[in-house]
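Here is how the chains run, residue by residue.
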Amino acid sequence: MSKLFTPLTLRSLEIPNRVWMSPMCMYSADADGPNTGAPTDFHFAHLASRAAGGAGLVMAEATGVRPDGRISPWDLGLWNDRQQEAFTRITEAIKGHGAVPAIQLAHAGRKASADKPWLSDRYVPETDGGWQPVAPSPIAYDGLAVPRELTVDEIGQLVEDFADAARRALDAGFQIAEVHGAHGYLINSFLSPVSNHRTDAYGGSFENRIRFALEVVEAVRAVWPEDLPVFFRTSATDWLTENSEDEREGWTGDDTVRLAKELQARGVDLLDVSTGGMVRDAKIAPGPSYQVPFAAQVRQSTDIPTASVGIITEPRQAEEIIAAEQSDAVFLGRELLRNPYWAQHAALELDAEPRWPDQYAYVVKRRKH
């Protein structure tokens, strides 16, 4: 029996398989006007089609908990009623295809107010509809604006913003909330000594640098039902300390293990393990499954479930990751953009039963050649 196509139960929620759609920004929401940040027909088709394609969990892209928390002016948000109502149609469609709807709650921090990546990926100034980014310290991400350092009171407000967005996500029908703590965005920039040079309670020691992340998780968990899971996405390494030629001190896999234990103690049910994104010039050698060892390290060093990401493209590759207990699930990103029905084809290759929509199944299952 295929391990990839067995259910995974977290709290009371059963996820039908271990093939999950990774959150991927589409830069396709309105940047201004009454529908700013609200999902559109594009987002509906994009997300619902992957549920129809057999993914067991479909996660909406990094969704800003406040207007200045978006990566770009065209990102999704969840700070008002119109956005919440627009998401409801999407969660109903995902559930209707037998998948679990999830959402990644995010604040972009020093990487906010950027242009669409296929245009320039550079800073969008306030005169062009952008805004002043904020961060733990006034240290710019290469090519973007120098952020304003957050005050302690502002940090407290951001914790409340994450909780408010989680409440809206629940009311919109999402069954999993993921806190985005990766890829150099706000929470990740508090964690890493490269971007956090504070000397107060939110900087310096490891315990201080993880404080904001833990406060956000506690606030989200407090408003999220006890019977539903909360995830946390982490960048397990900045890819700096591992490079003997780089003198910068970064976040490491061992740091991630320490953080995972603290997160689990506060009610996080799964660690979504990615890497990188803190600096543009980190030396990374990507290849098939190159980030999986970091998920395996966390899984083997703690008892928190993990999900793997990173150039997972082949059904048997994904099957081996789950069978070898390197992680409990795989998140697919680009591969599901190339082939929305990857999970259905993978099930056939692995002698599992595809989960076709009824409208397709009565025809597809009759095919003999």
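Data block above holds the structure.
Quantities reported herein were computed from a predicted structural model and do not represent experimental measurements.

Our next topic: unusual backbone geometry. The phi torsion at R11 lies on the positive side, around 55°, for a residue other than glycine. By the element assignment, R11 lies in the loop between β1 (8-10) and β2 (13-15). Taking relative accessible area as the criterion, R11 reaches 33% and is therefore assigned partly exposed. Residue S113 is not a glycine yet carries a positive backbone phi of 60°. Following the sequence through the fold, S113 ends up in the loop between β5 (100-106) and β6 (134-135). Note on S113: relative accessible area 0%, which makes it buried.

A pair of packed helices is characterised by two quantities: the angle between their axes and the separation of those axes. Relative orientation of the contacting elements helix α9 (residues 315-323) and helix α11 (residues 342-349) amounts to 75°, with a least axis distance of 9 Å. Overall, the two elements α9 and α11 adopt an arrangement that is roughly perpendicular. From α9, P315, R316 and A318 reach across to α11, where they touch W342, A346 and E349. Taken together, the residues of the contact of α9 with α11 sort by class into four nonpolar, no polar and two charged.

This next bit is on the pattern of salt bridges. Oppositely charged side chains can form a pair if their charged atoms are brought close together. With the rule as written, the count across this model stands at 21 salt bridges. With a shortest N-O distance of 2.7 Å, R11 and D269 are connected by a salt bridge. Of this pair, R11 sits in the loop between β1 and β2 while D269 sits in the loop between α7 (253-265) and β10 (270-274); the two residues are 258 residues apart in sequence, bridging distant segments of the chain. Across the pair R66 and D68 runs a salt bridge, and its minimum N-O distance is 2.7 Å. R66 gets classed as partly exposed once you look at its relative accessible area, which sits at 26%. Taken together, the salt bridges that share partners define one network made up of R11, R221, E226 and D269.

Two strands in a sheet stick together by hydrogen bonds in their backbones, pointing the same way (parallel) or opposite ways (antiparallel). Reading around the barrel, the eight strands line up as β3-β4-β5-β8-β9-β10-β11-β12 and close back on themselves, with parallel pairing between neighbours. Across this sheet, the average inter-strand angle for adjacent strands is 30°, counted without regard to direction. Examined bridge by bridge, strand β11 (residues 306-308) and strand β12 (residues 329-332) share two bridges and lie parallel to one another. What sits directly across from A307, in β12, is A329. Against the sheet, helix α2 (residues 81-96) touches β4 (57-64) and β5, its axis set at about 140° to β5.

Calculation rules
Residues numbered from 1 in each chain as written. Predicted model: local features only at pLDDT ≥ 70, side-chain atom pairs only at ≥ 80, totals over all residues. Heavy atoms only, no water. Helix = DSSP H or I, 4+ residues; strand = E, 2+ residues; numbered from the N terminus. Buried < 20%, exposed > 50% of the residue type's maximum accessible area, 1.4 Å probe, protein only. Axes fitted to C-alpha atoms, helices over the stretch in contact; angles between N-to-C directions. Parallel < 35°, antiparallel > 145°, perpendicular 65-115°, else oblique. Contact = heavy atoms within 4.5 Å. Nonpolar A, V, L, I, M, F, W, Y, C, P; charged D, E, K, R; others polar. Salt bridge = Lys/Arg side-chain N within 4 Å of Asp/Glu carboxyl O. Pairing = 2+ DSSP bridges.

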